[in-house]
Amino acid sequence: MTRDEVLEEFRAADALLEGHFILSSGLRSSRYLQCARVLMDPARGSRLAEALAAQIPAELRIQISAVVSPAMGGVIAGHEMARALGVEAMFVERPTGSFELRRGFRLEPGQKVLMMEDVVTTGLSSREAIKAIEEAGGQVIAMASLVDRSGGKAEFDIPFFALIELDVPAYQPDALPPELAAIPPVKPGSRAAA
Ligand SMILES: O=P(O)(O)OC[C@H]1O[C@H](OP(=O)(O)OP(=O)(O)O)[C@H](O)[C@@H]1O
Ligand SMILES: O=C(O)c1cc(=O)[nH]c(=O)[nH]1
Ligand SMILES: [Mg+2]
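Residues numbered from 1 in each chain as written. Chains lettered and ligands numbered in written order. Predicted model: local features only at pLDDT ≥ 70, side-chain atom pairs only at ≥ 80, totals over all residues. Heavy atoms only, no water.

- The protein has the name Orotate phosphoribosyltransferase in an unreviewed UniProt entry, where Sphingomonas psychrotolerans is given as its organism.
- Comment text from UniProt for the protein, heading Cofactor (unreviewed entry), reads "Mg(2+)".
- The Pathway (unreviewed entry) field of the UniProt record for the protein holds the comment "Pyrimidine metabolism; UMP biosynthesis via de novo pathway; UMP from orotate: step 1/2." (UniProt positions renumbered as here; feature names shortened; annotations may be inferred.)

### Description of the pairing of strand 4 (residues 88–93)
Right, so step 1: In terms of strand pairing, strand 3 (residues 66–70) meets strand 4 through five bridges, oriented parallel. Directly across from P70, in strand 4, lies its bridge partner V92.
Right, so step 2: Regarding the hand of the β-α-β motif, the stretch spanning strand 3, helix 5 (residues 74–85) and strand 4 is right-handed.
Right, so step 3: For strand 4 and strand 5 (residues 100–101), the ladder comprises two bridges, and the chain directions are antiparallel. Residue V92 lies in a different strand from strand 5, and its bridge partner there is L101.
Right, so step 4: The hairpin formed by strand 4 and strand 5 contains six residues between the paired strands, and G97 there has a positive phi angle of roughly 115 degrees. (Pairing = 2+ DSSP bridges. Helix = DSSP H or I, 4+ residues; strand = E, 2+ residues; numbered from the N terminus. Right-handed = clockwise from strand over helix to strand, strands pointing away.)

### Things to note about the nonpolar core
Right, so step 1: Ranked by size, the top nonpolar core spans 36 residues in total, and within it F10, L52, M81, L114, M116, L146 and V147 carry the most contacts.
Right, so step 2: Of all the secondary-structure elements, those providing two or more residues to this core are helix 1 (3–12), helix 2 (35–38), helix 3 (42–53), helix 5, strand 6 (112–120), strand 7 (139–148) and strand 8 (160–165).
Right, so step 3: Each residue touching F10, except ones within four places of it in the same chain, is listed here: A15, L16, L33, C35, V38 and V147.
Right, so step 4: Core analysis: the next-biggest nonpolar cluster, separate from the first, contains 19 residues, A66, F99, L107 and V120 among them. (Core = buried A, V, L, I, M, F, W, Y, C linked by side-chain atoms within 4.5 Å. Buried < 20%, exposed > 50% of the residue type's maximum accessible area, 1.4 Å probe, protein only. Contact = heavy atoms within 4.5 Å.)

### Remarks on the site of ligand 1
Right, so step 1: Around ligand 1, the surrounding shell holds 18 residues, and the nearest of these are E117, D118, T122, S125 and S190.
Right, so step 2: Between ligand 1 and R94, the relevant distance is 2.8 Å, taken from an oxygen atom to a side-chain nitrogen or oxygen of the residue.
Right, so step 3: In the model, an oxygen atom of ligand 1 is placed 2.5 Å from a nitrogen or oxygen of the D118 side chain.
Right, so step 4: Here ligand 1 loses 92% of its free accessible area of 490 Å² to cover by the protein chains.
Right, so step 5: At the level of secondary structure, the elements contributing two or more residues to the shell around ligand 1 comprise strand 6 and helix 6 (124–135).
Right, so step 6: In terms of residue class, the shell around ligand 1 is made up of five nonpolar, nine polar and four charged. (Near = heavy atom within 4 Å. Polar contact = N/O pair within 3.5 Å; in protein donor to acceptor, adjacent residues only side chain to side chain. Areas by Shrake-Rupley, 256 points an atom, 1.4 Å probe, with all protein chains shown as cover. Nonpolar A, V, L, I, M, F, W, Y, C, P; charged D, E, K, R; others polar.)

### Structural notes on the UniProt feature "binding site: orotate" (unreviewed entry) in the protein
Right, so step 1: The UniProt record marks T121 and R149 with the feature "binding site: orotate" (unreviewed entry), using the residue numbering of this structure. Sequence-wise these annotated residues cover 29 residues; spatially they are packed, their C-alpha atoms never more than 5.1 Å apart.
Right, so step 2: By the secondary structure assignment, T121 is in the loop between strand 6 and helix 6.
Right, so step 3: Excluding anything up to four places from it in sequence, T121 contacts L23, R149, S150 and A154.
Right, so step 4: Within the element layout of this structure, R149 appears in the loop between strand 7 and strand 8.
Right, so step 5: By relative accessible area, which is 5% here, R149 ends up buried.
Right, so step 6: What R149 contacts, discounting residues up to four positions off in sequence, is L23, S29, R31, Y32, L33, V119, V120, T121, L166, V168, P169 and A170.
Right, so step 7: Side-chain polar atoms of R149 contact the side chain of S29, separated by 2.9 Å.

### Describing the site of ligand 2
Right, so step 1: Residues in close proximity to ligand 2 include L23, S24, Y32, L33, V119, T121 and R149, which together make up its full environment.
Right, so step 2: At 2.8 Å from an oxygen atom of ligand 2 is found a main-chain nitrogen or oxygen belonging to L33.
Right, so step 3: In the environment of ligand 2, an oxygen atom lies 2.8 Å from a nitrogen or oxygen atom belonging to the side chain of R149.
Right, so step 4: With the chains in place, 90% of the 290 Å² that ligand 2 exposes on its own is no longer accessible.
Right, so step 5: Looking at the shell around ligand 2 residue by residue, the class counts come to four nonpolar, two polar and one charged.

Next comes the structure, spelled out in structure tokens:
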């Protein structure tokens, strides 16, 4: 799938939002990729996951025996990715503030896992999710995300595959451009405000 085709899927889903957003990291941005809207259409979700799975080299892909995602945003993306890879899907969640594997989900010691996100901005949520998966016994051998908006700044010591890379500015809350400061902010994600 080309970059334009991926962007067209986001546009068709009305998932390219403009306004003033408080991101998971606390950074602010005038743009938000709302992957939940992209994944509203199961056929679209599965098309995008197939395209992302196809980026993973076969020798790595065959080692993956589960997909684990950070809730909420990663859940549907991870489920579609698991379908594309033919493995089971699980998620970590943070009811008490930090990610943990719950609901009877289990990983065998050393089980090789793909960690699947919807969006990577600073990479903080990804690192937290990987830590929780490894604490639960899994070995995260690769990660993937529908969108990488980190501008190359989020670096991981495992292979990272993204369907699309977008260079979208994000600002510290005390360094907002005036046009952004003029708009009341909204916080779409579920991480508790710091
Ligand atoms: O790379 P980062 O700077 O961590 O930002 C990306 C994270 O932010 C969003 O989650 P959020 O914490 O907003 O909660 P959600 O998954 O419930 O939407 C998104 O789903 C990623 O998990
Ligand atoms: O950094 C985030 O929290 C974030 C950015 C974005 O564009 N989309 C999203 O779902 N989360
Ligand atoms: Mg998330």
